[in-house]
Structure formats: C-alpha cells, structure tokens
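# A look at the structure
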Amino acid sequence: MALKKFRIKDLFLLDKKPQRGLLAAEWVTMGYMVFTLLMMAFMWTKVVNPESMLWGRFRYVMVTLAMWAVYRMVPCRLTMLARIVAQMGFLGWWYPDTYELNRLLPNLDHVFAQWEQSFFGCQPSLLFSQVVPYGWFSELMCVGYVSYFPLIVAVTLYYFFKRYHEFQLATFVILTSFFVYYFIFILLPVTGPQFYYLAVGTEKIAAGVFPNVGDWFLTHSERMAAPGWSDGFWYHMLDLTHDAGERPTAAFPSSHVGVTTVLMLLALRTRSRWLMFSMLPFYVLMCFSTVYIYAHYAIDALAGLASGVLLYFLLTYFYKHRA
C-alpha cells in the first residue's frame, strides 16, 4: 500500500469504521488487571500496599472509560491516538506494581544465577564491565538502555503517521507484549544481578556461591550502582530512570530485549530502511547493556530475544485472525 503524505488536518479525519467498544489492547490490559485483582484477593493478608494498588486500578479504569467516551463523541485519528497514549502512559505504573505481587512468592534468583554459572562458566554481568572498563563504552551502554522508551515512541508514531491502517495492530502487539512479560514477572520472581548480587555479596557470587535469600526482597529494594563512568551524562540519565521506577522485579526474561525485538520486527514490517537502520544501533546496544549495567543475567537477555520473536509472530497472527 502506497504511503500518503501526512497533513495536519488528517489528525481530525473521522474513522470510517469507528471502534464501538474497547480496543483489543484495552481488553488485554483489563484482563491483566482482573488477574492481578484475583491474586490480590487470594493473598490479601500479605499484600503490603493494597489500598494504593486498588486506587491505581480505579484510576486506570476511569481514564480508559473517559478516553473511550471522548473517542465515541469524536471518532477521529487524534482521539484514537489519545486512547493509545493513555494506555502506554500507564505502563510505567504497571511495572513497579509487579513487585508488589511477586515479592509475595519465593525468590528464584539463586536458581537463575546457578543456571547462568552452569551455562557460561561464570557470571557475565559481574565480569562484563571489568573486561571493558572504558568510559566511552560505558556511555554507549547507557545510551542503549535509556533508548527503550524513545524507541517505543518512535515506532508508535511512525505507524500513526505513516501506516495508520496498521496502527491498532502495532500498538496491540507492543502493549500486549508488555503485559505478557508483566504476567511472567509476577509468577517468576527473579530480581536480577543488581539486587541479588547486593543481597548476597559479590565475593560469594565471584566464588560461585548462590544462596537462597528467602524473603529478603519482601522488605528490601536496595540495588547496586551500575558500573561504568559515573560522571558520564548518559550514566546520570540511566540513574534517573532507575531511581524513578526500578524495583526488585522483572529479570527473566528481559523485557527490554524482548520488547525492543518486537519493535525491530515491527520496523521491519514497515519496509522503511530509514526506520530500521536508525533503530538498529540502539537495539544492539540494548541487548548488551542489560547485562553490562547489572540489570539482567545473560540468560535473561537470550530469553528476551527468543520470546520477543515469538510474541511478535503470535500476536500479529492473533490480531489478524481474532473473531
């Protein structure tokens, strides 16, 4: 299909077939919310912040219904974009929310650290920054990691402005990928090296000793400082993003690698060489940076790559063949 040049007035073009109910992506989020509510109900006495969690879910429902109502009154491209932006805006809230639930389950970092040791014969996350201790390399790794949300915005806006006929498909795949990972993070409590190494001590990790920390993360959320050039601009940007929302959660598989893999495949779908080649360096840096900055075990990154490919093909197929 030939791409039309976008004009400002296209923002106000009315959709020929307005969506009457919720979008597929909104239904997915609602389903995830119901799952977490059921989990909260079964573990109510152990939940640490139940009131704030319930209030957050109420706000989500109200915002989603408000965006739906605005779109129904004026079913144009701009109000459709507003609905999607609202859903993506809540991703930053849903992510730390996984910590509130997965810390109620037994931590599994000792298992994954042992698998890492068995597979690689070492802990790549512990050694990576020692093998490449250069400030310029540290900055590249930090650039890769903080490019996560800009890449999401870039792909979303490209589909909106250049391939609006597939805008809902692309955003469904992106948002649903997030919630698949969030679902896994809740049921598979793995915090990653930056939290587990600190709880255990790097001396034990280097010696190949990986103790079970039990309920440590029920009350502790301290993390190791990222390695690298601590005076670097992008290092400080990384620190700001971590301080804003990082929690002892979401290590396996790496959603950073998984979601950016999905984004790369969506970019490939557009056949835009400009989009693909402008994203590719950041994607490569992302895959390595997750291990370099202690965010993930190397097996997390590999699992993120494999699961990202799988999610893209499964979700695009599902969207096209849904009833």
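Up top you'll find the structure we're talking about.
Reference entry: report on the structure contained in this document. Since the model is a prediction, treat every value here as computed from it, not as a measurement. (Residues numbered from 1 in each chain as written. Predicted model: local features only at pLDDT ≥ 70, side-chain atom pairs only at ≥ 80, totals over all residues. Heavy atoms only, no water.)

### So, the overall build of the protein chain
What counts, and what does not: The helix and strand labels rest on DSSP assignments: H or I over at least four residues marks a helix, E over at least two residues marks a strand, and numbering proceeds from the N terminus. Put simply, the radius of gyration uses C-alpha atoms, and a globule should come to 2.2 Å times the residue count raised to 0.38. For every residue, the accessible area (1.4 Å probe, protein chains only) is compared with the maximum for its type, and the residue is labelled buried under 20%, exposed over 50%, or partly exposed between those bounds. Contacts were defined at the residue level, with two residues in contact if any of their heavy atoms lie within 4.5 Å. Only the protein chains shown count as cover for residues, with accessible areas throughout obtained via the Shrake-Rupley method and a probe of 1.4 Å.
For the protein chain, the helix and strand inventory stands at 16 helices and zero strands. Taking 20 Å as the expected radius of gyration for a compact globule of 323 residues, we find that the protein chain reaches 21 Å, a close match to that expectation. By principal-axis analysis of the C-alpha atoms, the protein chain measures approximately 65 × 50 × 35 Å. Across the 323 residues of the protein chain, 54% fall into the buried class. Relative to all contacts within the protein chain whose residues are 6 or more apart in sequence, the contacts with residues 24 or more apart total 84%. Within the structure as shown, the protein chain displays about 15,500 Å² of accessible surface, and the carbon and sulfur contribution to it stands at 70%.

### Remarks on the pattern of salt bridges
Definition in use: Take a side-chain nitrogen of Lys or Arg and a carboxyl oxygen of Asp or Glu: if they are within 4 Å of each other, that pair is a salt bridge.
Evaluation of the coordinates by the stated rule reveals seven salt bridges. Salt-bridge contacts for Asp-97 lead to Arg-57; the nearest nitrogen and oxygen are separated by 2.7 Å. Here Asp-97 is found in helix H4 (residues 91–102), whereas its partner Arg-57 is found in helix H2 (residues 50–73), with 40 residues between them in sequence. There is no split in this pair, since Asp-97 and Arg-57 are both buried. Ionic pairing is found between Glu-100 and Arg-103, a salt bridge with its closest N-O pair at 2.6 Å. The pair Glu-100 / Arg-103 is uniform in exposure class, with both members buried. If you follow the salt bridges from partner to partner, you end up with Arg-163, Glu-166 and Arg-269 in one network.

### Some remarks on unusual backbone geometry
Following Phe-252, the chain continues into Pro-253 via a peptide bond in cis, with omega recorded as -10°. Backbone geometry at Ala-250 places phi at a positive 65°, although glycine is not the residue there. Mapped onto the fold, Ala-250 is located in the loop between helix H13 (233–245) and helix H14 (255–270). Accessibility expressed as a relative area gives 8% for Ala-250, which makes it buried. Here Tyr-294, not a glycine, exhibits a phi torsion of approximately 75°, which is positive. Along the polypeptide, Tyr-294 turns up in the loop between helix H15 (273–292) and helix H16 (298–321). A residue is classified by how much of its surface remains accessible, and Tyr-294, at 9% relative accessible area, is buried.

### A closer look at the packing of aromatic side chains
Note the cut-off: Only Phe, Tyr and Trp rings take part, Trp by its six-membered ring, and two of them pair if their centres are within 6.5 Å. Stacked means planes under 30 degrees apart, edge-to-face means over 60, and tilted covers everything else. Note on criteria: charge over ring means Lys NZ or Arg CZ within 6 Å of the ring centre, with the direction from the centre no more than 35 degrees off the ring normal.
Using the criterion set out here, one finds 34 aromatic pairs in the structure. Relative to Phe-179, the ring of Trp-94 has its centre 6.1 Å away and its plane inclined at 80°; by these criteria the two rings are edge-to-face. Residue Trp-94 is found in helix H4, and its partner Phe-179 is found in helix H9 (residues 167–187); the two are separated by 85 residues along the sequence. By the burial criterion, Trp-94 is buried, and Phe-179 matches it. Seen from their ring centres, Phe-160 and Phe-161 are 5.1 Å apart, and the 80° between their planes marks the pair as edge-to-face. By relative accessible area, Phe-160 is classed as buried at 0%. By relative accessible area, which is 32% here, Phe-161 ends up partly exposed. In this structure, Arg-77 packs its charged tip against the face of Tyr-164, placed 4.3 Å from the ring centre.

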